[in-house]
Amino acid sequence: MQTKQYITTPIYYVNDRPHIGHVYTTTICDVWARFMRLAGDDVFFLTGTDEHGQKVEQSAEARGVTPQALADENSAEFRRIMGMFHLTNDEFIRTTDPRHEQQVQALVKRLMDSGDVYLGTFEGWYDAGQEEYYTETKARDVEYRSPISGKPLERATEENYYFKLSAYQQRLETMFSEHPDIVRPEARRNEVLGRLREGLQDVPISRTNFAWGIGVPESPEHVIYVWIDALFNYITALGIGDPSSQWNAERSGYWPASMQVIGKEILWFHAVIWPALLMALELPLPGCVYAHSFWISEGQKMSKSLGNFIDLEQLQDYMELYGSDALRYFLATQGPLGATDSDFSRSQFHETYTTDLVNTLGNCASRTSAMIGKYCEGVCPADTGECEGGGVEWDAFVAEQVESSVAAMERFDLAGSIAAAMAIVRRVDAFINDTAPFKLAKDPDAAAIVGDILYRCAEAIRIAVCLLEAVMPSRMEELRTAWNLGEATGDLRAECVWGLLKPGTTIDKVALFPRVDAEAASA
Ligand code: ME8
C-alpha cells in the first residue's frame, strides 16, 4: 500500500493580484509533493482561490462588475501561475464552486445540529479591512488600530451565529501537549500557546452586512463568515461534506492532511479555529500546520502603499534570464521557511545561482561528462576498485546524505534536504580536484584509475540528481536524458543506492546552467 499524503496551500484571495508570496507557498508545496511522489507516496496536492467576502464584494462594486465576474477573472490569474511555474497541484478549488458551497452548508448544518454553532449577539472590535473581530485584550494590544491597514478598529454589534470555540480550550491545550509538532516552526507554536492561554471566546461565524457569501442553512440573510467558508476548502476538496459524492469516494482517504502550509499571518485560524472545527466535526487533525515567514523585497516589507510587490512580471523576467528551475531553487533554499523573514534581492538571487548552480552543480556535471567524453569515449567506465577512495567511502557517504535529504524533506526542511544533495555534488568537486583525473589521463597505465574516478563522480551526481529532481525538474530531466538514466522509478530510496549506474551507458556532455552576466541581470 502506498502511503497517502495530502498537502495544502492557503487558498488565495481573488481581490489581489498574485505575487511572490503566493508563488512561494505554492512552489514549496510543489517541491514537497513532487519529492513524496518520487519517494513512491500517493500524493494529493491542493491549492485554489478564496472568493467570497466583503472585500471581494467591495472591489467588484468599485470596478462596476459582479463579484462573480471579478472572482472568475482573478481566479484565472491565480490558476495561470500553476502552468507558469510548473506546479503540479491535483486540484484547484474555488470557493464559488457549487460543490464547495453545498458542502459548507452541510458542514455548518452538522455544527448547528451538534450545538457547536448557535445564534447569539456579539459586540466587539472589528477590523473591516481584514474582516476579523478582535478580543478586548488583542484590540488594546494593537491600540485599537488594524495592525495591517493602520485604520481604527470599529466597535460593532451584531446578531450572529457563533462557533463554540470556548468549549474546545481544554482539548486544544491537550492537542498541543500531546502533538507539539502540529504547529511548526516552534516559534510560531509558542505564539499560539501564549494566546491560547489567555482563554478562548466563542467566535461569530456569520455576517449580515453584505451578501457575497454562502448563506447559513435555513437563515439565508446570514452569510457564513469568509474564514469558515475558506477553512472548509481543505475538506470539501475531498468531498468530506458530501459522503455520497464522487469526490468523497475518490478522495476522502487523503484526510487527515499531512502538511498544511500557510504564511504566519493566518496562523491563528489554522492552529486554533481549524483544529477546533475539526474536533467539532469529529474529524482527525492534520499532521502539521506549517507557518512560514515572509519574503521582503530588497530589504523592505512589501506593501501596496510602497508598490514594491515582486509580481508575476518580475518573476517571469527572472525565469527568462535564469530558468524556472533556478527560481524554484532560490525560493526553496533561500526562502523564509523558518521563523525569520527572507529578503528577495536581485544580487542574492544572482549570487545563489552562480555559486550553487553554475559553479557547483552545473560545473561538476559538465566536467564529469566532458572527461568521460574525452577519456572514455563518452561511455560510462566501470569502477574496478583499483583507485582508492581518495579518502571517501563513497557508498557510505552517499547513503548518509540520501538519508539526511529524505528525512529533512519529510519534516518540510526543504533547504536541509537540498543541502544534503548538494553536499554530494561538492564532494565530487573536491574529489576531482584531489585526484586530478585530467593529469592522470596523460599516463596510459592509469586508465583504470581514471575510469574508477569518473565512475564514482558520475554515480554520485546521478544520485544527487534523483534528490534534486523535485526542486529542479526540468534541468534534472535534461541530465537524465543526456546520461541515459531512464525515468524516475517512483522508489527514490532504492534508486539512490550506490552502484546502480551501469558501466557502458552513453554519457553525453551537459551544460545545465549557463552563466548569466551580472550586469545584464541587473539591467
Ligand atoms: O490570507 N511572503 O489569502 P491571501 C511569503 N484567503 N508568503 C506570502 C507573502 C509574503 N510576503 N504574502 C502572502 C488569505 N504570502 C486567505 C487564506 S486559507 C483557508 C485562506 C502567502 O491571498 C502566504 O502563504 O492573502 C500567505 O498565508 C498567503 O499568501 C495569503 O494569501
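Look up: the structure comes first, before these words.
Residues numbered from 1 in each chain as written. Predicted model: local features only at pLDDT ≥ 70, side-chain atom pairs only at ≥ 80, totals over all residues. Heavy atoms only, no water.

1. What to know about the pairing of strand S12 (residues 259-263)
Under the convention used in this document: Any residue under 20% of the maximum accessible area for its type is buried, any over 50% is exposed, and the rest in between are partly exposed; the area is computed with a 1.4 Å probe on protein chains only. Helix and strand assignments follow DSSP, with helices taken as H or I runs no shorter than four residues and strands as E runs no shorter than two, numbered in order from the N terminus. By the convention used here, strands pair only if DSSP detects at least 2 bridges between them. A clockwise course of the path from the first strand over the helix to the second, judged with the strands pointing away from the viewer, identifies a crossover as right-handed.
Judged by how many residues are buried, S12 sits mostly within the fold: five of five residues are covered. With burial as the criterion, each face of S12 is covered, one bearing Met259, Val261 and Gly263 and the other bearing Gln260 and Ile262. With two bridges joining them, strand S1 (residues 4-13) and S12 adopt parallel strand pairing. By the bridge assignment for S12, Thr8 is matched with Gln260. Summarising the sheet, S12 and strand S13 (residues 289-292) pair through four bridges and their orientation is parallel. Directly across from Ile262, in S13, lies its bridge partner Ala291. In this fold, S12 hands off to helix H11 (residues 267-280), which returns the chain to S13; that crossover is right-handed.

2. Digging into the sheet that holds strand S8 (residues 203-204)
With antiparallel pairing, the four strands of this open sheet are ordered in space as S5-S4-S6-S8. A strand with exactly one partner marks an edge of an open sheet, and here the two such strands are strand S5 (132-134) and S8. With 10 bridges joining them, strand S4 (residues 117-127) and strand S6 (residues 154-163) adopt antiparallel strand pairing. Bridging across to S6, Leu119 finds its partner in Tyr161.

3. As for helix H19 (residues 473-482)
Owing to its 3.6 residues per turn, the α-helix aligns residues three or four sequence positions apart on the same side. When H19 is considered as a whole, its buried residues turn out to be Pro473, Arg475, Met476, Leu479, Arg480 and Ala482. Positive backbone phi, at 55°, marks Asn484, one or two positions downstream of H19.

4. Notes on the packing of helix H18 (residues 447-468) against H19
Note the cut-off: Orientation is described by axes fitted as lines to C-alpha atoms, over the contacting stretch for helices, and by angles from 0 to 180 degrees between their N-to-C directions. A clockwise turn of the near helix away from the far one marks a right-handed crossing, whereas an anticlockwise turn of less than a right angle marks a left-handed crossing. Every residue pair with non-hydrogen atoms within 4.5 Å of one another is taken to be in contact. Only Asp, Glu, Lys and Arg are considered charged in this grouping, and only Ala, Val, Leu, Ile, Met, Phe, Trp, Tyr, Cys and Pro are considered nonpolar; every other residue, Gly among them, is considered polar.
Running from N to C, H18 and H19 point in directions that differ by 145°, and their axes come no closer than 9 Å. As H18 packs across H19, the resulting crossing turns out to be left-handed. For the pair H18 and H19, contact is made by Ile461, Val465, Cys466 and Leu468 and by Met476, Leu479 and Arg480, respectively. Among the residues making up the contact of H18 with H19, the classes are represented as six nonpolar, no polar and one charged.

5. Brief notes about the sheet that holds S1
On the basis of which strands lie adjacent, the open sheet formed by six strands has the order S3-S2-S1-S12-S13-S7 and parallel pairing. The open sheet has two edge strands, strand S3 (91-94) and strand S7 (183-184), and neither has a second partner. In this fold helix H3 (residues 67-84) packs onto S1, strand S2 (42-50) and S3, with an angle of close to 160° to the strand it touches most, S3.

6. Brief notes about the nonpolar core
Quick reminder of the rule: Buried Ala, Val, Leu, Ile, Met, Phe, Trp, Tyr and Cys residues that are joined via side-chain atoms within 4.5 Å together make up what is termed a nonpolar core.
Ranked by internal contacts, the top residues of the largest apolar core, which has 102 residues, are Ile7, Phe85, Phe344 and Phe412. Per-element accounting of this core gives the leading share, 14 residues, to H18. Not counting residues up to four positions away in its chain, the partners in contact with Phe412 are Ile7, Ile28, Trp32, Met259, Val261, Tyr290 and Leu337. Core analysis: the second largest hydrophobic core is formed by 61 residues, Leu46, Ala257, Ala280 and Leu281 among them.

7. Section: the pattern of salt bridges
Pairing of side chains with opposite charge becomes possible as their charged atoms draw close. Here is the rule: Definition used for salt bridges: Asp or Glu carboxyl oxygen within 4 Å of a side-chain nitrogen of Lys or Arg.
With the rule as written, the count across this model stands at 27 salt bridges. Residue Arg17 is joined to Glu313 by a salt bridge in which the shortest nitrogen-to-oxygen separation is 3.8 Å. Separated by 296 residues along the polypeptide, Arg17 in the loop between S1 and helix H1 (20-38) and Glu313 in helix H12 (residues 312-322) bring together distant segments of the chain. Linked through salt bridges whose partners overlap, the residues forming this network are Asp30, Arg34 and Arg328.

Any functional reading would require information that these geometric values do not contain.
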